[in-house]
Amino acid sequence: MLTRLLRFTESLPGWRVLRDYRRIDLGADLLAGLVICLVLIPSVLAYAELAGSSPVGGMWAALAATLGYFLFASSRHVNVGPDGSVALLAGIIIVPLTGGDPMQGMIAGAWLALFTGIILISAALLKLGVIASFLSKPVLLGYLNGAAVVIVISQWGKLFGIELEQENLFMRLLEWWQKLATTNLTTLAVALVFLALLLLSRITIKKLPPLVPVFFIALLAGAFIDFEAMGLDVIGEIRAQTPHAVGFTLTLNNVAELAIGALGLSMLIFPEGVLLGRAMAEKHDYNIDADRELLALGSANILSGLLQGFSVGSSQTRTLVNGASGGRTQVANLASAAFLVLFVVLAADWLARLPQVAIGAILVFTGFSLIDIADVRHMFRVHRATALIALSTTLAVIFIGVLPGILLGTTLSVGKLLAGLARPQDALLGRVEGSDRMHDVGDDEQAQGYPGVVAYRFYGPLIFANVGYFIERLQGFIDKQTQAVGLVIIDASAITSIDYSASEKLRDFIEKTEARGIEVDVAAAYLPLREIGNSLQISFIADEFIFPDVAAAVEAFLSREERLSE
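Enquirer: Looking at this structure, how should I read the overall build of the chain?
Expert: Each helix and strand counted, the chain has 22 helices and eight strands in total. A separation threshold of at least 6 residues defines the contact pool for the chain, and within that pool the share at least 24 residues apart is 80%.

Enquirer: I'm lost on the pairing of strand E5 (residues 453-458) in this one. Help?
Expert: The side chains of a regular strand alternate, first on one face of the sheet and then on the other. In terms of burial, E5 is a largely internal element, six of the six residues being buried. Going residue by residue along E5, you find Val453, Ala455 and Arg457 tucked away on one face and Val454, Tyr456 and Phe458 tucked away on the opposite face as well. Direction of pairing for strand E3 (residues 426-431) relative to E5: antiparallel, over a ladder of four bridges. Bridge pairing in E5 links Asp426 to Phe458. In this structure, E5 lies alongside strand E6 (residues 487-491), joined through five bridges in parallel fashion. Along E6, the bridge assignment pairs Val454 with Val488. Taken together, E5, helix H19 (residues 467-479) and E6 form a β-α-β motif whose crossover is right-handed.

Enquirer: Would you mind showing me how to read the environment of Thr98 here?
Expert: Here Thr98 lies in helix H5 (residues 84-98). According to the relative accessible area criterion, Thr98 is buried, its value standing at 11%. Sequence-wise, Thr98 and Gly109 are eleven residues apart; in three dimensions their C-alpha atoms are separated by 9.9 Å.

Enquirer: Can you help me understand the packing of aromatic side chains in this one?
Expert: Given two aromatic rings, their pairing is described by the distance between the two centres and the angle made by the two planes. Tallying each qualifying case throughout the model produces eleven aromatic pairs. Each ring, one from Phe215 and one from Phe216, has its centre 5.3 Å from the other, and the planes form 85°; the classification is edge-to-face. A relative accessible area of 1% places Phe215 in the buried class. Ring centres 6.4 Å apart and planes at 45° place the aromatic pair Tyr456 and Phe458 in the tilted group. On the basis of relative accessibility, which here comes to 0%, the residue Phe458 falls in the buried class. Grouped by ring-pair contacts, the aromatic residues Trp156, Phe160, Trp176 and Trp177 constitute a single cluster. For Arg76, the ring lying beneath its charged end belongs to Tyr286, and the centroid distance is 4.2 Å.

So, how was this worked out
- Residues numbered from 1 in each chain as written.
- Predicted model: local features only at pLDDT ≥ 70, side-chain atom pairs only at ≥ 80, totals over all residues.
- Heavy atoms only, no water.
- Helix = DSSP H or I, 4+ residues; strand = E, 2+ residues; numbered from the N terminus.
- Contact = heavy atoms within 4.5 Å.
- Buried < 20%, exposed > 50% of the residue type's maximum accessible area, 1.4 Å probe, protein only.
- Pairing = 2+ DSSP bridges.
- Right-handed = clockwise from strand over helix to strand, strands pointing away.
- Phe/Tyr/Trp six-rings, centres within 6.5 Å; stacked < 30°, edge-to-face > 60°.
- Lys NZ or Arg CZ within 6 Å of the ring centre and 35° of its normal.

Structural data, given as structure tokens:
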């Protein structure tokens, strides 16, 4: 048993990192770990609030995620732990089940993390990482912009010392307006001070996120100012809470809701992690394994759930800080977790006196900072349909909810993809005088078609969903010719594949066209398409009937016509 355990341990990528670790990297990794920890500490508290958990839940989520990800990660730089967008979605799933009780939130959050981890690991074992690619950049951008608005509104009442009960965002704003007269002026004044400090830090300190210096200012202020005596809520004691085995206190209906939510979280966590990992790998000249990243993210969530944390994902801010600080391996993230433990042990009393309005101000400021209007404007300039998907996702997240918003955005993206497959670009080809190459007649004014010849290029795979469009377009070009058509050439250079249904319909079209005395030839069908044609027994794309290019097909036709006319 011990021998098997040792073999399993030695097979873990994380163990190999430690086994082959170079002492020369230790100084850089320790320094990066310290800087990561400075960013991690306020994030842990703020995102625990978003996730509907307690501060200690955030601490355990950070520690467990770091270790769980380290065991299987292929990225040297990605930092996994409490993340704003993931915590927000987790909170939206958890809070309705717990009524906002942080202790119940720890239990529900732990189960949600476990379900999320199981889904991610199952997907990794089944090599299903490609599925997460459907969460395209417009959907991610739209989600993040919508999530930013949700974060701001969810914390808005705390800046005024007003307890808001409505879950719907606009009803929540209406409730805030109706209760505005009950504002705690002391809380509001402190909130405005922290917001001003955050803005000042963003302007003057470029190398660190503004929440880092402001958090430590708030921590220091809590050591000398009795905020609780001033009527402000504070974090409270956290050392008394310790993780234990996850206890089942939820109903079967709750479990079903958590499982569905975990599926949405998985679709968010994986693409964000892989995109970030690929960006860092490209910058530092190494490769990552997407399925191993999926396994590592699943491991991070399962361990977080076992220690009563909540769902975790990759942190763009901490990952970029890691790279900018000189971190070289995942040991930097392990060091940040060690520094976090040291900080909690030494500064627990200071954390207990930290005013909660400081966390609310940090979250509101972070929310406003996450809104990316520039990227949406850029999308509108270069591709309006893509921008509309991003905007629709944002509005859906705000009006309908986070998970339905993500599903709507993903559906729109897939719909756009299918629409492109059903109606791909095409072209009528012609020749330019003095050149044998064929050009798109619509793209080159000098390109002229051959009399009696229709050369047609289709930019996409031929499938059941677009073969009707293909035939309709080709027949339209034939009917528009002023001279009797004797040859139709299908330029297959951009047709990557063909399915059975399309081949049958195209076969019927070719037979009917040739029955009218019009020859139909295929040109430039490359090997993948020919192999599919051979397997489907499609005679018209068999090797012996295919011309190497359109010009060769035209030349052969003209030669035959010339011989017949003699």
